[in-house]
Every structure is written in structure tokens, then in C-alpha cells.
Amino acid sequence: MEVAANYYNELAQKALYDEDAFNELYEYFFPRVYNFIFARLKNPDAADDIVSTTFMKMYESLSRYNPERAAFSTWLFRIALNCMADFFRRKEYSNETEWEDFFDPAAPEYHEPEAKALADEDNAELLKALDKLTDKERRIVELKYLSGVGNKEIAEILGITANNVGVVLHGALKKLKKILGEN
Amino acid sequence: MLVEEKLERVDFSQFSKVKESLRLKLNLRRRADLESISLDELDYVAAAGTPALKKPEEK
């Protein structure tokens with residue numbers, strides 16, 4: 001995990017000048033950032049909005065990225081978190097109604113391809129289960145499994161210790177398994 | 001399948017409508033910025049290389 005983090009730190013520094021490096025960085029992080037945002041919002045248009053802002057801000061600040069201060073993943077996910085916070089502040093956003101619409105065959109949204117993906121039983125079950133975790137548990141699980149971020153980077157992103165990440169993660173997985181009926 | 005495995009398999013990014021257009025936009029900006037840095041550098045080099053103008057001799 002350390003090796004991978006260093007690799008992407010260096011790639012980020014090359015990415016300003018090297019198109020292949022930029023594309024590789026983008027290809028690796030776009031799905032990870034998108035998953036993180038989408039799992040919270042469950043709205044593809046809003047997720048597109050926020051992921052676009054996140055990557056634009058990433059690019060605008062890339063020349064100032066310092067790998068001595070933080071791993072690139074830490075830096076990028078902090079940008080994503082700030083963009084999501086801005087989004088929630090700008091709007092009186094409630095995901096309750098829109099989330100339920102994805103499950104309602106009568107709702108027009110149900111027929112969108114992404115709604116069908118959400119309506120896929122496994123995905124829907126997982127997202128519903130994640131809704132039952134605390135904010136902290138949920139953020140850690142999403143960063144770890146939906147975004148592939150290591151415990152050390154998760155700790156840096158959230159401003160907690162790596163030990164705390166491990167403890168919360170253990171408890172959150174136990175909760176999820178109970179909710180999903182897994183032994 | 002374990003819950004960890006189920007979570008790791010999830011990929012909602014396939015439904016993004018902006019992935020490719022955003023990549024293109026960022027690359028265009030990156031190239032434009034690099035070009036303007038190159039032009040600035042050329043200006044600097046040109047300015048540094050200009051010999052000092054001699055004042056015409058006063059009669």
C-alpha cells in the first residue's frame with residue numbers, strides 16, 4: 001500500500017507536464033472519487049457535478065501539491081470532502097426522497113440505467129446498509145472499500161489516528177454483516 | 001460473498017456522464033497552460049538576450 005501511495009504521489013507531480021501521467025492518474029482516481037461521492041448522494045447528476053468540481057480544483061492546485069505533506073489520495077479526497085460540504089451548504093439537499101425514487105418502479109427515475117444499477121439487489125442492499133452506519137463508520141467504510149484508500153490515508157483524510165480507523169472499521173463491518181445477515 | 005468483497009466490486013462511475021468530457025477539458029487546459037508557460041519562457045529568454053541599446057553619440 002505504501003509503494004502504491006508513493007507511486008501515485010510521484011505520478012501526480014509528473015501529471016502537470018506529462019499527458020500519459022495525467023491520464024493514468026485520472027483513470028485511477030476518477031472511479032474511486034466518484035464511488036465515494038455517489039455512495040453518499042445516490043444521485044448521478046449531483047455526483048457528476050461534485051466530481052467535476054473536485055477534479056477541476058485538483059488540477060488548479062496540482063502545481064502546489066507537496067508529497068512531503070500528504071499522500072496524493074489524502075489530498076484529493078480532502079478536496080472531494082470539501083466540495084461535498086459546499087454542495088450541501090449551497091442546497092437544501094435531501095437525499096431521502098430521491099433515494100426512494102430509485103426503488104419505485106412508478107417513478108420516472110427508475111428507468112434510468114443508473115437507477116437500474118441501484119435497483120440491482122446487491123447494490124441497493126449495500127447502500128441501504130451503509131445508510132444505517134454512523135457518519136464516521138460510513139465514511140471509513142466508503143473510503144476503504146469503495147475508494148480503495150489505505151487506513152493511514154483514511155486517518156489523514158479524516159484527521160483521526162490509524163488505530164481509530166482500524167477500530168471503527170472493525171465495528172462497522174460487524175454491523176454491516178449483521179444488517180446483511182452474514183455470519 | 002463477504003460484505004468486503006461486495007463493496008469492493010461496486011463501481012458506480014460507469015454511470016457518470018462527464019468522465020470523458022471532464023478528462024478532455026482538463027487535458028485541454030493542461031496543454032494551454034503548458035503552452036503559455038513555454039511562451040512566457042521564450043519571452044524571458046528573448047528579453048534576457050537583447051543587447052543593451054547604445055545611445056547615439058551626442059554631437
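The present account deals with the structure reproduced in this document. (Residues numbered from 1 in each chain as written. Chains lettered and ligands numbered in written order. Predicted model: local features only at pLDDT ≥ 70, side-chain atom pairs only at ≥ 80, totals over all residues. Heavy atoms only, no water.)

Description of the overall build of chain A
Tallying secondary structure elements over chain A gives 10 helices and zero strands in all. Along chain A, from the amino end to the carboxyl end, the secondary structure elements read α-α-α-α-α-α-α-α-α-α. If you take every contact in chain A between residues at least 6 apart in sequence, the share linking residues at least 24 apart comes to 60%. Counting only carbon and sulfur atoms, one obtains 48% of the accessible surface of chain A, whose full area is about 9000 Å². (Helix = DSSP H or I, 4+ residues; strand = E, 2+ residues; numbered from the N terminus. Contact = heavy atoms within 4.5 Å. Areas by Shrake-Rupley, 256 points an atom, 1.4 Å probe, with all protein chains shown as cover.)

A short note on the overall build of chain B
Helices and strands together make up the secondary structure of chain B, namely two helices and zero strands. Per-residue burial over chain B gives 27% buried out of 59 residues. Surface summary for chain B: the accessible area is close to 4900 Å², and the carbon and sulfur share equals 57%. (Buried < 20%, exposed > 50% of the residue type's maximum accessible area, 1.4 Å probe, protein only.)

Overview of the interface of chain B and chain A
Listed as interface residues are 26 residues of chain B and, on the opposing side, 38 residues of chain A. Summing both partners gives a buried area of about 3200 Å² for chain B against chain A, and 63% of it is carried by carbon and sulfur. Of all residues in chain B, Leu7, Phe12 and Arg30 of chain B give up the largest surface area on contact with chain A, accounting jointly for 23% of the area buried on that side. Linking chain B with chain A are seven salt bridges, by the criterion used here. Glu4 of chain B serves as the salt-bridge partner of Lys177 of chain A, at 3.4 Å between the closest nitrogen and oxygen. (Buried area = accessible area lost by both parts, 1.4 Å probe. Salt bridge = Lys/Arg side-chain N within 4 Å of Asp/Glu carboxyl O.)

So, the pattern of salt bridges
A full pass over the atoms with the stated rule returns 16 salt bridges over all chains. Residue Glu19 of chain A is joined to Arg30 of chain B by a salt bridge in which the shortest nitrogen-to-oxygen separation is 2.9 Å. With Glu19 of chain A in helix H2 (residues 19-41) and Arg30 of chain B in helix H2 (residues 19-49), this pair bridges two chains. Note that Glu142 of chain A and Arg138 of chain A form a salt bridge whose closest N and O atoms lie 2.7 Å from each other. Of this pair, Glu142 of chain A and Arg138 of chain A both sit in helix H8 (residues 135-146), four residues apart, which is roughly one turn of the helix. Among the residues examined, Glu142 of chain A registers a relative accessible area of 1% and is labelled buried. Here the salt bridges share partners, and the residues they tie into one network are Glu27 of chain A together with Lys19, Glu20 and Arg23 of chain B.

Notes on the side chain of Thr54 of chain A
Residue and element names in this part refer to chain A. Locating Thr54 in the fold gives a position in helix H3 (residues 44-61). Reaching out from Thr54, the side chain makes a polar contact with the backbone oxygen of Ile50 at a distance of 2.8 Å. Once residues within four sequence positions are removed from consideration, Thr54 is found in contact with Val33, Ile37, Leu76, Ile79, Ala80 and Cys83. (Polar contact = N/O pair within 3.5 Å; in protein donor to acceptor, adjacent residues only side chain to side chain.)

Quick look at helix H4 (residues 72-90) of chain A
Compared with an ideal rise of 1.5 Å per residue, which puts 19 residues at 27 Å, H4 of chain A spans 27 Å between its outermost C-alpha atoms and is within 8% of the ideal. The complete set of buried residues in H4 of chain A reads Phe72, Ser73, Thr74, Trp75, Leu76, Phe77, Ile79, Ala80, Leu81, Cys83, Met84 and Phe87 of chain A. (Expected span 1.5 Å × (residues − 1).)

Observations concerning the packing of aromatic side chains
Residues and elements named next belong to chain A. A complete count under the given rule lists 17 aromatic pairs over all chains for this structure. Seen in terms of ring centroids, Tyr26 and Phe55 are 5.2 Å apart; in terms of plane orientation they differ by 65 degrees. Their pairing is edge-to-face. Of the two residues, Tyr26 is situated in helix H2 and Phe55 in helix H3; the sequence distance between them amounts to 29 residues. Taken individually, Tyr26 and Phe55 each receive the classification buried, so the pair is uniform in this respect. (Phe/Tyr/Trp six-rings, centres within 6.5 Å; stacked < 30°, edge-to-face > 60°.)

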